[in-house]
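Chain by chain, the residues run as shown.
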Amino acid sequence: MRPPPIPIMCQPNEVVRATPAAKSSGALTEIQQMQLECWTMFRDRLLEKKVLLLVQTPGPQYWLEIALGRSNIFLSNILDTYAGRIGIRIYRGNRIAEAALAQLEKDKDAIEKEIGEKLSWNPTPEKRDKIIGLFRNADVSNRDAWPEYCDWLVDCVGEFHQACVWRIKALT
């Protein structure tokens, strides 16, 4: 008889295995290294403040995703070094994007009231994937500002999660 499979969250994936090797070999660019370090700080703060119990291992990229209990819909936190901004988005993959956006827009006023901010609803309508986002200007290269940026993102994750997770689970 075979033993039960080990849960996926306990097994490192290829990105997790490759990141330390790339980091030690110098294969990461300066921006990727900065993103990895900032996301690590953000993840640590999410866990310290108990906003979420589980958060994926950060990677050297401009986004860090957080599951919302439904496939193809997640919170996508961003460090946009090119546009000089940070943000959080409810990101819906194209297979369900239009239907999910329409259903969530019915609760637009309530969601914005619960989050406490006006959100950007589908700012790029020509794209197949759809987002609902909140963004702010940020100089991500200024490491002294990271604690403030991470705290802002942590607060946003908590607000978005509380306002949206049950709505997303109820989507048809």
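Figured I'd write up the structure that's included with this text.

How each quantity is defined
- Residues numbered from 1 in each chain as written.
- Predicted model: local features only at pLDDT ≥ 70, side-chain atom pairs only at ≥ 80, totals over all residues.
- Heavy atoms only, no water.
- Helix = DSSP H or I, 4+ residues; strand = E, 2+ residues; numbered from the N terminus.
- Buried < 20%, exposed > 50% of the residue type's maximum accessible area, 1.4 Å probe, protein only.
- Contact = heavy atoms within 4.5 Å.
- Areas by Shrake-Rupley, 256 points an atom, 1.4 Å probe, with all protein chains shown as cover.
- Pairing = 2+ DSSP bridges.
- Axes fitted to C-alpha atoms, helices over the stretch in contact; angles between N-to-C directions.
- Parallel < 35°, antiparallel > 145°, perpendicular 65-115°, else oblique.
- Left-handed = near helix turned anticlockwise from the far one by under 90°.
- Nonpolar A, V, L, I, M, F, W, Y, C, P; charged D, E, K, R; others polar.
- Salt bridge = Lys/Arg side-chain N within 4 Å of Asp/Glu carboxyl O.

**Topic: the overall build of the protein**
Right, so step 1: What the protein contains, in helices and strands, is 5 helices and 5 strands.
Right, so step 2: What you see in the protein, going N to C, is helices and strands ordered as α-α-β-β-β-α-α-β-β-α.
Right, so step 3: Within the protein, the fraction of its 172 residues that count as buried is 40%.
Right, so step 4: Here the contacts in the protein between residues at least 6 apart in sequence split such that 57% fall between residues at least 24 apart.
Right, so step 5: A total accessible area of about 10200 Å² is found for the protein, and carbon and sulfur atoms account for 54% of it.

**Quick word on the pairing of strand β1 (residues 63-70)**
Right, so step 1: In terms of strand pairing, β1 meets strand β2 (residues 73-80) through 6 bridges, oriented antiparallel. The partner of Trp-63 across the bridge, within β2, is Ile-78.
Right, so step 2: Linking two consecutive strands that pair antiparallel, namely β1 and β2, is a turn of 2 residues; a positive phi of about 70 degrees is found at Asn-72 within it.

**Things to note about the packing of helix α2 (residues 30-48) against helix α5 (residues 146-169)**
Angle between the axes and distance between the axes: these two values describe a pair of packed helices.
Right, so step 1: Orientation of α2 relative to α5, taken along the N-to-C sense of each, is 50 degrees, at an axis distance of 9 Å. By the angle between their directions, the pair α2 and α5 is classed as oblique. The element α2 and its partner α5 pack so that their crossing is right-handed. Two secondary-structure elements touch here, α2 through Met-34, Glu-37, Cys-38, Trp-39, Met-41, Phe-42, Arg-45 and Leu-46 and α5 through Trp-146, Pro-147, Cys-150, Asp-151, Leu-153, Val-154 and Val-157.
Right, so step 2: Looking at the contact of α2 with α5 residue by residue, the classes come out as 12 nonpolar, no polar and 3 charged.

**Quick look at the sheet that holds strand β4 (residues 120-121)**
Right, so step 1: Read from one edge to the other, the open sheet built from 5 strands follows the order β1-β2-β3-β5-β4, with strand pairing classed as antiparallel. At either margin of the open sheet sits one strand with a lone partner, and together these are β1 and β4.
Right, so step 2: Docked against the sheet, α2 engages β1 and β2, running at close to 130 degrees with respect to β2.
Right, so step 3: In the packing of α5 onto the sheet, contacts are made with β1, β2, β3 (85-92) and β5 (130-137), and the angle to β3 comes to roughly 15 degrees.

**Side note on the pattern of salt bridges**
Right, so step 1: Counting across every chain of the model gives 9 salt bridges.
Right, so step 2: In this structure, Arg-85 engages Asp-80 in a salt bridge whose closest nitrogen and oxygen atoms are separated by 3.5 Å.
Right, so step 3: Given a relative accessible area of 28%, Arg-85 falls into the partly exposed group.
Right, so step 4: Overall, Asp-80 belongs to the buried group, its relative accessible area being 16%.
Right, so step 5: As a salt-bridge pair, Glu-98 and Lys-130 come within 3.2 Å of each other at their nearest N and O atoms. With a gap of 32 residues between them, Glu-98 in helix α3 (residues 97-105) and Lys-130 in strand β5 connect regions that are remote in the sequence.
Right, so step 6: Using a relative accessible area of 2% as the deciding quantity, one classes Lys-130 as buried.
Right, so step 7: Several salt bridges converge on common partners, so that one network encompasses Arg-45, Lys-49 and Asp-151.

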